[in-house]
Amino acid sequence: WIPSNIWVGAGEMTERQVTFELAPVYKKINVGLRQARAVSIHPEGGSGHESPFVTIEYTDPARVGQSDEIEYDYLVNATGPKLNFDATPGLGPEKGYTMSVCTPSHALEANGQLQKCVQEMKAGARKTFVIGTGHGMCTCQGAAFEYIYNVDHVLREAGVRHLARVVWISNEYELGDFGMGGVHITRGGYLTNGKVFAESLMVERGLEWITRAAVTKVEPGKIHYEQLDGSVHELEFD
Ligand SMILES: Cc1cc2nc3c(=O)[nH]c(=O)nc-3n(C[C@H](O)[C@H](O)[C@H](O)COP(=O)(O)OP(=O)(O)OC[C@H]3O[C@@H](n4cnc5c(N)ncnc54)[C@H](O)[C@@H]3O)c2cc1C
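Calculation notes
Residues numbered from 1 in each chain as written. Predicted model: local features only at pLDDT ≥ 70, side-chain atom pairs only at ≥ 80, totals over all residues. Heavy atoms only, no water. Axes fitted to C-alpha atoms, helices over the stretch in contact; angles between N-to-C directions. Helix = DSSP H or I, 4+ residues; strand = E, 2+ residues; numbered from the N terminus. Left-handed = near helix turned anticlockwise from the far one by under 90°. Contact = heavy atoms within 4.5 Å. Nonpolar A, V, L, I, M, F, W, Y, C, P; charged D, E, K, R; others polar. Pairing = 2+ DSSP bridges. Phe/Tyr/Trp six-rings, centres within 6.5 Å; stacked < 30°, edge-to-face > 60°. Buried < 20%, exposed > 50% of the residue type's maximum accessible area, 1.4 Å probe, protein only.

S.K.: It is not clear to me how the packing of helix 4 (residues 104-122) against helix 5 (residues 142-157) should be interpreted in this structure. Could you clarify?
M.R.: Axes are the key here: two packed helices are described by the angle between their axes and the distance separating the axes. It is the contact of helix 4 with helix 5, at a shortest axis distance of 11 Å, that shows an interaxial angle of 35°. Remark: the crossing between helix 4 and helix 5 carries right-handed chirality. In this structure, helix 4 contributes Ala110, Leu114, Gln115, Val118 and Met121 to the contact, and helix 5 contributes Tyr147, Val151, Val154 and Leu155. Residue classes in the contact of helix 4 with helix 5 are distributed as eight nonpolar, one polar and no charged.

S.K.: Sorry, what's going on with the pairing of strand 9 (residues 213-219) here?
M.R.: The side chains of a regular strand alternate between the sheet's two faces. Examined bridge by bridge, strand 9 and strand 10 (residues 222-227) share six bridges and lie antiparallel to one another. If you follow alanine 214 over to strand 10, its bridge partner there is glutamate 226. Two successive antiparallel strands, strand 9 and strand 10, enclose a turn made up of two residues, where glycine 221 displays a positive phi of approximately 75°.

S.K.: I keep staring at the packing of aromatic side chains and nothing clicks. Help me out?
M.R.: Both the distance between ring centres and the angle between the ring planes are used here to describe each pair of aromatic rings. The full count for this structure, using the stated rule, is three aromatic pairs. Note on phenylalanine 145 and tryptophan 168: the rings are 5.7 Å apart at their centroids and 90° apart in plane angle, and the pair reads as edge-to-face. Of this pair, phenylalanine 145 sits in helix 5 while tryptophan 168 is found in strand 5 (residues 164-169), placing the two residues 23 residues apart along the sequence. For tryptophan 168, a relative accessible area of 0% corresponds to the buried category. With a centroid separation of 4.9 Å and 80° between ring planes, the pair formed by phenylalanine 145 and phenylalanine 178 is classed as edge-to-face.

Remember that the coordinates give geometry; whether it matters functionally is a separate question.
Quick look at the structure:
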């Protein structure tokens, strides 16, 4: 369950708690599940098929190496977003210098680093945490926005928040845009726009924010970013 990775990344939930077996779910509703990778779509049929079909390669451990062709009348292609860390040099946990909470394994690694920082802070170290989006064309800020509050909470619970600088960086025009031109939130009898709502939350918690920013490169301990007005900046992080 992808949205819950923000809890895994803060050590509040385990990988086991955010994942579940799909096969029993599909069995219950009488859907034939093939645990496989779709590799090609043939909307006009061909090679022995009059109907359209999809070619699949099994990832099911019991059938790895086997492929199949499945005919369809109607196809839903719902393969989701592709994590594109390569778009920003130095971004991402595999080839770069930043953490991610986009998958359970990324989130586990992020929590490992967070807990390591907490331990070092308990010994008196100061740390800068920068959380946000890693490219100027990102369209989803929600997960990072939730995660920064989880990190703030973890640091407070550990009694080390006073040793942390916590910074939000994103390509939003205004804080609270969330990639969809902002929101209006009803809270306490007031209708508040996303900018005021988000800025209030950050001010209350001592979080800093940088918006209108496209991260262009990450080096160990240093983020390079350009803002909409054309100015370029660097930001150091732990
Ligand atoms: C940390 C985090 C928190 C989020 N929180 C929220 C939230 O609170 N609210 C919200 O609305 N959204 C949230 N989102 C966004 C939301 O999770 C995604 O928009 C949503 O999961 C997209 O659903 P999907 O079915 O299109 O794709 P996915 O959930 O990515 O599913 C696509 C599936 O297709 C499979 N697949 C890919 N290629 C192939 C192939 N060739 N053959 C077969 N299968 C393939 C993948 O393995 C995957 O299982 C969050 C995202 C993240 C990363």
